[in-house]
Structure formats: structure tokens, C-alpha cells
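Secondary and tertiary structure notes
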Amino acid sequence: MSVNEKAAQAAGAATGPSTVAAATPAPEGWEPKIIGFACNWCTYAGADLAGTSRIQYPPNIRVIRVPCSGRINPQFVVRAFQRGADGVLVAGCHPGDCHYSTGNYFARRRYLLATRFIEYLGVEPERLEVRWISGSEGQKFADTVRELTEKIRALGPQRRLRETL
Amino acid sequence: MRRVGVFVCWCGSNIAGMVDIEQVKAAAAKMPNVVYVEDNKYTCSEPGQAAIQKAIKEQNLDRVVVAACSPRMHENTFRRTVSGAGLNAYLLEIANIREHCSWVHPDKAAGTKKAVDLVRRAVYKVAKNVPLQRASIDVTKKALVIGGGIAGIQAALDIADAGQPVVIVEKTPSIGGHMAQLDKTFPTLDCSACILTPKMVDAAQNQNITLMTWSEVEKVEGYIGNFTVTIRKKARHIDTTKCTGCGICWSKCPAKLPSEFDLGLGQRKAIYVPFPQAIPNKPVIDEKNCIYFKTGKCKACQIFCPAGAIAFDQKDELIEEKFGAIIVATGYEQWDPSPYGEYGYGRYKDVITGLEFERLVNASGPTEGKIKRPSDGKIPKDVVIIQCVGSRDEAKGIPYCSKTCCMYSAKHAILLDEKIHAHPYVFYMDVRTPGKGYEEFYKRATEEHHATYIRGRVSKVYQKGDKLVCLGEDTLLGKKVAVEADMVILASAMVHQPAASKLAQTLGISYDQNHFYTEAHAKLRPVETNTAGIFLAGACQGPKDIPETVAQASAAASKAIGLLSKAKLETEPLVAQVNEGICSGCLWCKPICPYKAIDGKVIKERIAGGKTIERTVASVNASLCQGCGACTVACRTGAMNVLGFTNEHILAEVDALCL
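Residues numbered from 1 in each chain as written. Chains lettered and ligands numbered in written order. Predicted model: local features only at pLDDT ≥ 70, side-chain atom pairs only at ≥ 80, totals over all residues. Heavy atoms only, no water.

Moving on to the confidence of the model for chain A. As a note on interpretation, predicted positions should not be read in detail where pLDDT is low. Residues and elements named next belong to chain A. Taken residue by residue, chain A gives an average pLDDT of 86. The fraction at 70 or more is 84%. Overall, residues 1-8 carries pLDDT values under 50, and its contacts beyond four positions in sequence, including any with other chains, amount to six contacts. Scored below 50 in pLDDT, residues 10-22 makes 13 contacts in the model with residues more than four places away or belonging to other chains. (pLDDT = per-residue confidence, 0-100. Contact = heavy atoms within 4.5 Å.)

Following this line, the structure appears as C-alpha cells:
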């Protein structure tokens, strides 16, 4: 067991198992709310292509356009969970294809850590999805959203980080 | 309090068919800062744009949201619209309710709900927008071409013909590159020198072209339109203003060495021109091997030089010059096939590479064009050509196809038959002939010149008497074959220049896993790099034959000419910005920047007690910055931001979407 896994387990032991949210039944009519961060050059274009190709996918995702996946600060992901998002998609160009040559490599490393970090905070790591979707992969974008939506639906509402107002 | 106007587009039935426009309008009207809402059948049409301009003026709007198609489609259109009405172009946001909503969600209720969210995202974001100005920068009207092969020569000639000054920097003593080493060129069998040397002379005589041979690029600073380049002019030890190129010096020089130009098959002196048609036709002294430099005695060249041009005390010079555009045309190197122990390259003298064969068959080569095998000078009767040596072999680290070998192997086969009636055997994996006249050329090799093509790899080459036996498999017959040959030619792969990655780092451009330079877009921007103002030509971008290289060189030249013909360049204002007040000067942002746009600078600051202190903060060069934002995430104090995509913008968007 790695140091992080131990830490995550310790945190879980202190505050109860992280699957507590799923144990509580979802309210009537609940729909997963997913925030997507998409780089302008690949994934946003891929999502546009899904549109021009009329490839249908669940309406649960709302995309925020950023210049590069390297621009996406893990702080944004945490904020989304705090504000009540049930899932987050971080997506950019395939490794080697970054418009800015190296941004997605930084993103890749950051999100290896960020996934562990949100697990440490008690949020199921499956709620954060990192994918490489190119401008020609409209179908992949749609498939990713469909898979993620179903995964989040099975997990139920995210309550761990949600600020109660 | 802002005054935001929201314009919801129907896009005919594209949006209106799947999204309830009235509901979106009603929801938008209740959003913070929104003072005006309107819908249009086609907002991008002229009446649609006029409606936005009219509302900006009449309603005194200071921010605009257009809920329509993707910003990748019409963001620039609407930026022009709002600036036409006197509003700053960057006080606009687009809500993408077509590609991301109406076209992908068939459920009208859910689609409408999502459209409202997307409009709210844009409304929250636009409230944080501030006016941004495009800056304009001057352009230095001069181009730098790195590399003096056919790509560099062609690019320089094109730019010079357009009336712009060009400097060619070439690391060897002469321009010409690999093309000068070749004998004939496929598929027409033109003599390579006959078509290249006139171009070399043109380049030397053109008023707009400055040749800097025996020189290398040392340092590149600056940005598009304003590069400052330091060029190392290596000591030639010749006063080129006095030298007439008569050749007495090298005939008198006693130091003999293997010639690089002839790939070690011939010899040169310590004072030398690499080949007879060299341009400039002025020698250089090879310091490492010159007897005078080694022992302090000799000076034969100086004694005999009738012009008094020998200058032993010459030193390297560093020249700094400004350029507006840079074309990288550094070409390729032939792969050394020694890692294939089974082919015996280096062990058997008569196993040679394709490029070595070019020198053997060339009239100005070491054998004066007579194809004699290197070991004993015998004229070979049977010659085996092995294709894909290195290329397409992941075990050798070269997964790609070198593209030219199939064709030059066919050329070698033709030349072997034509010149000495030798029988060529070609071992191949596939024969690839995609080019005008290429397939016909290959057919000529097999039909008219009776080359035997054997599909399969050679597993071993060994000596038997004065023959080289090539053991292999004919995979089409499923049989082992053994060919007794007098000479073996390895069609070795084209690989990157040894210093390719170092030059890439000097220039700030990227290279792929094979160390070829990366173009900005594989299909749509093939001669541009991701660093604005730097273009690619020739085999430094990937294996290429001569026609392709020349075409790419002209394409790169036209891009450079377009850039140099502009009086001023406009820069995109969506770049990184430092909040100096909270910057701690750690400069973690500096190594993460792919464009070398960030550097430290020292600022003076008054602190409590009236004292003035000096401290380091990050500083962004807005002309170099491309606005990727990698630095913002590396910044530990939150001092770094990207205009148009600030932390505050994105957090506001998250908030808006999670409401």
C-alpha cells in the first residue's frame, strides 16, 4: 500500500467511508451534474464535431473552454465539487499533440496527483475523469460523456465537498 | 453594475427547433447584470449583427453575450460587430448552444435547461471581462535561413526574388548540402550537380543574399518579427577578400585526411574546399589536422599563396544580427548502419551505404565515376541492394519509412546496369513509389534493366573468397536464397541531424520522438512551427526527396515573405500577466513556459518605514507569450493569470454552471 493510499484510508477512517454518499438514496428526479474543462484546440473542437455530426449524448455535461489542458488548475476542480458538481471531466489534446507542445504533459502529471488528492478529501476518484480527445474525435467525446454520466449516476450525488448553503 | 445584453440566436431551426428560445430569454433576463435580451433568426447575418450594434448604442450596453454557435465559428465575427459599435472587442462572450446543445440533445426540456446554464456561464464570465488592446510590433525586414542545402538555397532565392534580404547560415565550408553529393536524381536521371550548381551560383550572386558558410547559430532571442540571432563565424584562417580560390594552397599542403564530403572514400588536405564546385570557392584550414597548428611548423600554404590570403591568427567571430523571420532547413543525416552486425558494414569494405555509392558513381567522386569496389578496385558484376536498413525497424529505433530509399535503390539498380552492366538484386520489404513518374521509374529498373527484386530480408552477409554471400529469404516463394555478390549497397535510413534537438532548444521549437522538427499542424500548417515566425523546410521536418523539399522550401519562403511584407504585426492580447504585488519571484513559471516568454526582472519597491528595496518578480514578454496558461497553474501565489481566461473568470464560470 502506497503512502497516499494509507493516507486516504486514514482520512476515510477518521470521517467515515467515502461511499457514504452513495449509501443515501438520490432524491427524486436527480440528474448528475458534470462540469467539463476542455482545451480550445482539441477537445472543445471534438465536442463541436460531435455537434456538427449530430452525435447524441446525455445533456448532463456543461463545458468550460480553456486555452489548454495545462491551464486547468486543480483548484477549479475542487471548486466545482464544492459548488455541488457530481463529476468533472478534464480533457485535452493527446500526448504529443498539444497546441502549445507541452501543456498536456503538465496536465497529465497534475491529474495523477489531483485524483489522489480528491480521494484524500473523501470524494470517489471516479468522479474525476481525465481524457485525451482530439478535434477529430467527436464520437469519443460523446462516448466519454455517456460513460461518465452513467458512472456518476451509479455513484449518486456528490455530497462530501458540497457546501451546504 | 454592468449593462449586459444577451442575444439569443435561432439559427433558423437549428437552435430554435430543439431549444425553447422564449424560456432562455426569460431566464436570461433574470440573470445578474443583464439589462437587455433579444432574439434573432440569424444573429450572424447582417441584420442580426446590426441589431446587436443598435442595442449597444440604444441600451448603452457595456458587455455582450451572444448565445449561438461555437466560438470557434463566429467569435471573431461578433468581436468585429461589437467593436464596430464602439465597444472593445473583448467585452464579448459566446454561449455555445448549438454544437454543444441543440444539435446533440434531442430532449427539448433538458436541452433548454442546459442552454440556460450555458447562457448563465457566459453572463457570469463576461462580467469579469475587461477591455484588451491588440498591440502592434515592428517587423525587421530580413530573413535568416539556417542550412545551405537545396531547401535553404531554394527558400533564400524565393525570398530574395521577392525583394527581401536573406542570410544563409551554413555550418560546413560550402553550401550545397547532401544534394551536392548525389550523382543522378530520380525519376529523370538528371545529373544532381547540373541542376544544383546553377542555383548555388544564383544564391552567391544575388544582391539580396548573404552567405555565411563555416558558421553556426549560437543563440536566438526575441520573437516573431524581431529575432536577435548570434551567429558564430568560425575562423577560416583565410582572408576571403584576398583569396582567389586558385588552389595552390591545397595542392601544396602535406597533411592528407579522409574527405567528409566523399564519406571517407577519398582524401582531402588540411586546407581544403570540400568539393570542386564549392561555393564560396575559398578554402578553410582544418585546425585540428593542420601541421602548423599542431607543431608550429610548416606554413606551406602561406609560403605558396600568391595572394597572401592565409591568416593563421584569425579567431572565431560572434556576429549579432536582427531578423524578422527564420527558416530552418537543416536537413538530415544518413544513418550509420553499423548496428546491423549481420550486414557486416565496417567489417567488409565492399558493404557500402547508398550515399557512399553516390560518391563512387559520381564523376567528381574519388573514383571519377568509375564504379569500382572499395576493397580491390574490381568492377563488380553482381550487386545486392538491401532496402529498409534501419527504416521501419523499431528495434533500431527508427519506426518510420525513410521515403526515398525505394526510389534511390531503383536508381542505383538502373545506374549499375547502364554503366557497368552489373546485375542488381534488390531485397525489399515493400516497394513504395508514390510520386509523379515514380512507379514508371521502378518498372524501368525491373523491366528494362532487369533488376531482380526479392521480397524478404537479408539475415546474413559473409565473405566467401572474394565474394560476399547474402543469405536471405524470398518470402513470396517461401524459399531461402543465397546471392553471391561483389558489392552490397545498404539503403540506409534518413535520420535527424545529430544536433537537431540542441538547435530546437536554441530556437524554442519542438521536435518529435525521432528528433524531426514538428510542424504546427500536420495537414493545415505543414511549414510553420508552433513558434510564430519560425518556418520549416526540407528533411529537418521528416524524410523527403528533392521535389518535396523544394516545394516545402518555396512554401516556407512564401510564409516568410508574407510576414516580412507587413508594416506592423498585430498581437493577440490574451496573454499571461503578472500581478507584481503578490509575485514572490520564485520563477517556477519560467521553466514551464514552452515559449521562453517569462524571465525575472528586478523592481524597486517602497516598504513600510519609507525604505526602498529591490526584489525579483516574473516578467512576461507579451510578444512571445501564446497564452497557453501553463504558468498560471505553476504559480504558487496566484500572481500569474491569462487575460481572457483568468482564475476569476473560470471560477465564475464554475459557479454559474453549478447554480
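Additional details are given in the paragraphs that follow.
Bringing the interface of chain B and chain A into the picture now. At the interface, 45 residues of chain B touch 44 residues of chain A. Counting the surface lost from both chain B and chain A, the interface buries some 3,800 Å², and carbon and sulfur atoms represent 59% of this. At the surface where chain B touches chain A, the tally comes to four salt bridges. Residue aspartate 117 of chain B pairs with arginine 62 of chain A through a salt bridge whose shortest N-O separation is 2.7 Å. Contributions of two or more residues to the side of chain B that touches chain A are made by helix H4 (71-84), helix H5 (98-102), helix H6 (108-128), helix H18 (630-634), strand E34 (640-642) and helix H19 (647-658) of chain B. Among the elements that line the side of chain B that touches chain A, the one with the most residues is H19 of chain B, at eight residues. (Buried area = accessible area lost by both parts, 1.4 Å probe. Salt bridge = Lys/Arg side-chain N within 4 Å of Asp/Glu carboxyl O. Helix = DSSP H or I, 4+ residues; strand = E, 2+ residues; numbered from the N terminus.)

What follows covers the environment of glutamate 147 of chain A. With respect to the secondary-structure elements, glutamate 147 of chain A resides in helix H6 (residues 138-155). For the pair glutamate 147 of chain A and proline 58 of chain A, spaced 89 residues apart in the sequence, the C-alpha separation amounts to 9.6 Å.

It is worth spelling out the packing of helix H2 (residues 21-29) of chain B against H6 of chain B at this point. Residue and element names in this part refer to chain B. Two elements in contact, H2 and H6, have axes whose closest approach is 9 Å; the angle formed by their N-to-C orientations is 35°. With respect to the hand of their crossing, H2 and H6 are arranged in right-handed fashion. Only Thr112, Ala115, Val116 and Val119 of H6 make contact with H2, whose side of the interface consists of Gln23, Val24, Ala27 and Ala28. For the contact of H2 with H6, a count of residues per class yields six nonpolar, two polar and no charged. (Axes fitted to C-alpha atoms, helices over the stretch in contact; angles between N-to-C directions. Left-handed = near helix turned anticlockwise from the far one by under 90°. Nonpolar A, V, L, I, M, F, W, Y, C, P; charged D, E, K, R; others polar.)

Time to look at the pattern of salt bridges. Under the criterion given, the structure shown has 44 salt bridges over all chains. For arginine 131 of chain A, the salt bridge identified is with glutamate 147 of chain A, shortest N-O distance 3.0 Å. Taken as a pair, arginine 131 of chain A in strand E4 (residues 128-132) and glutamate 147 of chain A in helix H6 lie far apart in primary sequence, 16 residues in all. Of the charged contacts in the structure, one is a salt bridge between lysine 568 of chain B and aspartate 138 of chain B, with a shortest N-O distance of 2.7 Å. Highlighted residues: lysine 568 of chain B in strand E30 (residues 568-571) and aspartate 138 of chain B in strand E5 (residues 135-138), separated in sequence by 430 residues. Because the salt bridges share partners, they merge into one network encompassing Asp350, Arg373, Asp376, Lys378 and Asp466 of chain B.

Before going further, it helps to examine the packing of aromatic side chains. Working definition: an aromatic ring pair is given by the centre-to-centre distance plus the angle between the planes. Counted according to the given criterion, the structure contains 15 aromatic pairs over all chains. Arranged with centres 6.5 Å apart and planes meeting at 85°, the rings of tyrosine 100 of chain A and tyrosine 595 of chain B form a pair that is edge-to-face. Here tyrosine 595 of chain B lies in the loop between helix H17 (589-592) and strand E32 (598-606) and tyrosine 100 of chain A lies in the loop between strand E3 (87-92) and helix H5 (103-120), a pairing that spans two chains. Under the relative-accessibility criterion, tyrosine 100 of chain A is labelled buried at 5%. The class of tyrosine 595 of chain B is buried, set by a relative accessible area of 10%. Pairing tyrosine 292 of chain B with phenylalanine 312 of chain B gives two aromatic rings, centres 4.3 Å apart and planes at 40°, and the pair type is tilted. In this pair, tyrosine 292 of chain B sits in helix H10 (residues 291-295) while phenylalanine 312 of chain B sits in the loop between helix H11 (300-304) and strand E17 (317-323), placing the two residues 20 residues apart along the sequence. On the basis of relative accessibility, which here comes to 22%, the residue tyrosine 292 of chain B falls in the partly exposed class. (Phe/Tyr/Trp six-rings, centres within 6.5 Å; stacked < 30°, edge-to-face > 60°. Buried < 20%, exposed > 50% of the residue type's maximum accessible area, 1.4 Å probe, protein only.)

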